[in-house]
Amino acid sequence: ADKYDLVANITHDLPAEVGREGKQRNPLEEGSYRCHVQHKATGQWYEIQDLDVRETMPQLIGVSESYLLIFERKGATKS
């Protein structure tokens, strides 16, 4: 079976009040997106939000809260 490495993770953070009783807002129009990407040459993970880029540890990437996960097959060759 093929094995895969996580190379990017995108999350969508909602403000705490969205979705509460009486609030009729569209959650896709609220909040912000964060992207976690791995630099292939160094293996270092980065968190990106708008123009803010900072190093992060892979243990801090909350995959359970992901909006989109991007994987790369191990041993994949470029064509």
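Shown above is the structure to which this text applies.
Being a predicted model, the structure only gives us computed values, none of them experimental.

Conventions we followed
Residues numbered from 1 in each chain as written. Predicted model: local features only at pLDDT ≥ 70, side-chain atom pairs only at ≥ 80, totals over all residues. Heavy atoms only, no water. Helix = DSSP H or I, 4+ residues; strand = E, 2+ residues; numbered from the N terminus. Buried < 20%, exposed > 50% of the residue type's maximum accessible area, 1.4 Å probe, protein only. Pairing = 2+ DSSP bridges. Axes fitted to C-alpha atoms, helices over the stretch in contact; angles between N-to-C directions.

1. Focus on the environment of Tyr-33
Then, number 1: Of note, Tyr-33 is situated in strand 2 (residues 32–38).
Then, number 2: Using a relative accessible area of 37% as the deciding quantity, one classes Tyr-33 as partly exposed.
Then, number 3: It is 4.5 Å that separates the C-alpha atoms of Tyr-33 and His-12, two residues lying 21 residues apart in sequence.

2. A few points about the sheet that holds strand 1 (residues 4–13)
Then, number 1: Taken together, the five strands give an open sheet; going across it, the order is 4-3-2-1-5, and neighbouring strands pair in antiparallel fashion. Bordering the open sheet on either side are strand 4 (52–56) and strand 5 (66–73), each of which pairs with just one other strand. Averaged over all adjacent pairs, the angle separating strand axes in this sheet is 20°, with direction ignored.
Then, number 2: Pairing geometry for strand 3 (residues 45–49) and strand 4, over five bridges, is antiparallel.

3. Quick look at unusual backbone geometry
Then, number 1: The backbone of Asp-50 shows a phi angle near 55°, a positive value even though the residue is not glycine.
Then, number 2: Checked against the element boundaries, Asp-50 lands in the loop between strand 3 and strand 4.

4. Side note on the pairing of strand 2
Then, number 1: In this structure, strand 1 lies alongside strand 2, joined through six bridges in antiparallel fashion. Within the sheet, the bridge partner assigned to Ala-8 lies in strand 2 and is Val-37.
Then, number 2: Pairing of strand 2 with strand 3, which is carried by four bridges, proceeds in the antiparallel orientation. Residue pairing in the sheet places Gln-38 in a bridge with Trp-45 of strand 3.
Then, number 3: Taking the residues that link successive antiparallel strands as the turn, the strand 2-strand 3 hairpin has six residues, and the phi of Gly-43 there is positive, at about 80°.

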